[in-house]
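Each chain, written out:
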Number of protein chains: 2
Amino acid sequence: MTERNSAPSLSRIQQKNRELILGGALEAFSAGGFRGATIDQIARHAGLSKPNVLYYFTSKDEIHKALLTSLLEMWLAPLQRIDPAGEPLAEVLAYVRAKLQMSRDFPRESRLFAYEILEGAPHLTEILGGGLRQIVDEAAAVLRRWMAEGRLAQVDPHHLIFSIWSMTQHYADFDVQVRAVLGPGRDPLNEAAAFLDALYRKLLSP
Amino acid sequence: MTERNSAPSLSRIQQKNRELILGGALEAFSAGGFRGATIDQIARHAGLSKPNVLYYFTSKDEIHKALLTSLLEMWLAPLQRIDPAGEPLAEVLAYVRAKLQMSRDFPRESRLFAYEILEGAPHLTEILGGGLRQIVDEAAAVLRRWMAEGRLAQVDPHHLIFSIWSMTQHYADFDVQVRAVLGPGRDPLNEAAAFLDALYRKLLSP
DNA sequence: CCTGATCCTGACCATCTGGTCAATATTCCG
DNA sequence: CGGAATATTGACCAGATGGTCAGGATCAGG
């Protein structure tokens, strides 16, 4: 039904401007969610005019969808990097560290997905129940095996993953609150790294 | 500057309609955030006309602010119910259970605050750095004392509180994702209760 | 350098939305 | 009951916003 199959050739200008637009869209959508962002904002962030943005994407909805799908893989990559052949506790701790690092390096991406889920995931429903579920189930299977082998303490693997997601992304999504509560002169992400390391060591040491 | 000081008397109709409006506003704001909700939606949820809503509140902004402040106390109450004279581990576990119960009973309230923080907390900035910080610091002081007395394992109290917030509210705010990943036929909140109980027992047992 | 394809824009439109207002209905109370 | 205070509403306005379009600028390749 869609085109761009045999000829995905994008001209240099197309490549560059689509990139600019997605960059501006990330800025805008992560700040105010889908409804809070306007095409004009996206255009200004991208350094283009509004009609020009709509020359490359047919609608605001399409920009949003393209942005989400272009970031989803990167967002889920750390989970897939858990090595079934590695040392269990070290693998989990490395995953926690990687997710926390993403909250530091890519807070806008974190907020983008947070908004999307909060809004009911209108653009991600099929992915949530399909690809994401499979990826999580595979990681959960590895964790379960480790637990069965006595190399990791027994806990529900899915909720273990949820706990990692929620605690690490909290420092990106609720940054305002975290900083307000902690007060100035502290480094939330650094403290969180130590806290989470200790937490998962205690929770998972067999 | 403001009125309603010596005479906060609200007629029966006022009382009832303000209540209806705040109820409709909770429904609307928790679904789409401040920008995603329209006064007309609020009015329909409340069973009133749009101009009538604006007869009781002068602006959408005021509705939002009134709703947040009316719910904030209830939202923070469990934290203040931690008893400094109680048994440390039991007190923390009770707090975790209470917060999780709120995710089950009041998911709309949870999402309302989640949106507000994500959007940068434009209506809560003074509260975040003022009242909230103080409440959290007091709870943190109690936790710290317990840890110093050797009745609780040593961890950063602030991040301990953040972890409780993030993990419990996760089940309300990201409900769509949780259910999509777990698949049908499971009870996320019930499983979470067991998981979190085990987690905090291991983390905090001295 | 010419020409067709690609790229870009100002002007414009329809719709939505926050908010106003004059007029009407309802309630309250002496 | 009767009139003042309170509630309610339909009609309306102004600005914002998603999206369109005809025409002009720019670029690629022969």
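Predicted model only: the values in this text are computed from it and were never measured.

Engineer: Give a description of the overall build of chain A that names residues and reports values.
Structural biologist: Each helix and strand in chain A was counted, giving 10 helices and 0 strands. Shown N-terminal to C-terminal, the secondary structure of chain A runs as helices and strands in the order α-α-α-α-α-α-α-α-α-α. In terms of principal-axis extent, the alpha carbons of chain A reach across some 60 × 50 × 30 Å. When each of the 206 residues of chain A is scored for burial, the buried share is 52%. Accessible area for chain A stands at about 9,600 Å²; split by element, carbon and sulfur atoms hold 53% of it.

Engineer: Break down the domain arrangement of chain A for me, citing the residues and quoting the values.
Structural biologist: The accessible area lost on association of the parts is a frequent measure of interface size. All names here are of chain A. Split into domains, chain A comes out as domain 1 (1-58) and domain 2 (65-204). Using only C-alpha atoms to locate each centre, domain 1 and domain 2 end up separated by 28 Å. Regarding the contact of domain 1 and domain 2, the summed buried area is about 870 Å², with carbon and sulfur atoms giving 69% of it. Sorting the residues of domain 1 by area buried against domain 2 places Leu-22, Leu-26 and Ser-30 first, and these three jointly supply 56% of that buried surface. For the interface between domain 1 and domain 2, the tally reads 1 salt bridge. Between domain 1 and domain 2 we count 3 residue pairs in polar contact (both at pLDDT 80 or more) in total. Broken down by class, the residue content of the side of domain 1 that touches domain 2 amounts to 7 nonpolar, 3 polar and 1 charged.

Engineer: Tell me what's going on with the protein's contact with DNA strand D, and back it up with residues and numbers.
Structural biologist: In the vicinity of DNA strand D, 18 residues are found, and the nearest of them are Lys60(A), Ser11(B), Asn17(B), Ser49(B) and Tyr56(B). Sugar plus phosphate, as a fraction of atoms of DNA strand D within 4 Å of the protein: 57%. Interatomic distance of 3.2 Å between a side-chain N/O atom of Gln14(B) and a phosphate oxygen of DNA strand D. Elements represented by at least two residues in the surface near DNA strand D include exactly α3 (50-56) of chain A together with α1 (12-36) and α3 (50-56) of chain B. Among the elements that take part in the surface near DNA strand D, α3(B) stands out by supplying 4 residues, more than any other.

Engineer: Account for the relation of the copies chain B and chain A, with residues named and values stated.
Structural biologist: Mapping chain B onto chain A calls for a screw motion: a turn of 180° about the axis and a shift of 0.0 Å along it, with 0.0 Å RMSD after fitting. Taken together, the rotation and translation relating the two chain copies correspond to the operation of a two-fold axis. No C-alpha of chain B approaches the rotation axis more nearly than that of Ser166(B), which lies at 2.8 Å. A shared binding surface is used by both copies, with 100% of the interface residues of chain B retained as interface residues in chain A.

Engineer: Which residues make up the UniProt feature "domain: HTH tetR-type" (unreviewed entry) in chain A, and what values go with them?
Structural biologist: Annotation from UniProt places "domain: HTH tetR-type" (unreviewed entry) at residues 15-75 of chain A. Span residues 15-75 of chain A is 87% helix and 0% strand, its end C-alpha atoms 22 Å apart.

Engineer: With reference to specific residues and values, describe helix α2 (residues 39-46) of chain B.
Structural biologist: All names here are of chain B. Taken residue by residue, α2 has Ile-39, Ile-42, Ala-43 and Ala-46 as its buried positions. Buried residues of α2 fall within an arc of 100° about the axis and therefore sit on the same side. In this structure, the buried side of α2 is in contact with α1, α3 and α4 (60-80). Where α2 terminates, the next one or two residues include Gly-47, which has phi positive at roughly 75°.

Engineer: Just give me the short version of the interface of chain B and chain A, but keep the residues and values in it.
Structural biologist: Each partner contributes to the interface: chain B provides 48 residues, whereas chain A provides 48 residues. Where chain B abuts chain A, roughly 4,400 Å² becomes buried across the two surfaces, and 70% of that area is made up of carbon and sulfur atoms. Interface area lost by chain B to chain A is led by Leu118(B), His159(B) and Val181(B), which between them contribute 17%. Viewed at the interface, chain A and chain B are joined by 2 salt bridges. The shortest N-O distance in the salt bridge between Arg186(B) and Asp156(A) comes to 3.3 Å. Put simply, chain B and chain A have 12 residue pairs in polar contact (both at pLDDT 80 or more) between them. For the side of chain B that touches chain A, the secondary structure elements donating two or more residues are α1, α6 (107-118), α7 (125-148), α8 (157-173), α9 (175-182) and α10 (188-204) of chain B. Classifying every residue of the side of chain B that touches chain A by side-chain character gives 28 nonpolar, 10 polar and 10 charged.

Engineer: Run through the protein's contact with DNA strand C, naming residues and quoting values.
Structural biologist: Close to DNA strand C lie 18 residues; Ser11(A), Gln14(A), Asn17(A), Tyr56(A) and Lys60(B) are nearest. Of all DNA strand C atoms lying within 4 Å of any protein atom, the proportion belonging to sugar or phosphate reaches 60%. Separating a phosphate oxygen of DNA strand C from a side-chain N or O atom of Ser49(A) is a distance of 3.0 Å. Within the side chain of Tyr56(A), an N or O atom sits 2.4 Å from a phosphate oxygen of DNA strand C. Sorting the residues of the surface near DNA strand C by element identifies α1 (12-36) and α3 of chain A together with α3 of chain B as the ones contributing at least two each. Top contributing element to the surface near DNA strand C by residue count: α3(A), with 4 residues. Here the surface near DNA strand C is composed, by residue class, of 8 nonpolar, 7 polar and 3 charged.

What counts, and where the lines are drawn
Residues numbered from 1 in each chain as written. Chains lettered and ligands numbered in written order. Predicted model: local features only at pLDDT ≥ 70, side-chain atom pairs only at ≥ 80, totals over all residues. Heavy atoms only, no water. Helix = DSSP H or I, 4+ residues; strand = E, 2+ residues; numbered from the N terminus. Buried < 20%, exposed > 50% of the residue type's maximum accessible area, 1.4 Å probe, protein only. Areas by Shrake-Rupley, 256 points an atom, 1.4 Å probe, with all protein chains shown as cover. Domains from an automatic or database assignment. Buried area = accessible area lost by both parts, 1.4 Å probe. Salt bridge = Lys/Arg side-chain N within 4 Å of Asp/Glu carboxyl O. Polar contact = N/O pair within 3.5 Å; in protein donor to acceptor, adjacent residues only side chain to side chain. Nonpolar A, V, L, I, M, F, W, Y, C, P; charged D, E, K, R; others polar. Near = heavy atom within 4 Å. Least-squares fit on C-alpha atoms with pLDDT ≥ 70 in both. Contact = heavy atoms within 4.5 Å. UniProt positions renumbered as here; feature names shortened; annotations may be inferred. Arc of directions from axis to C-beta.

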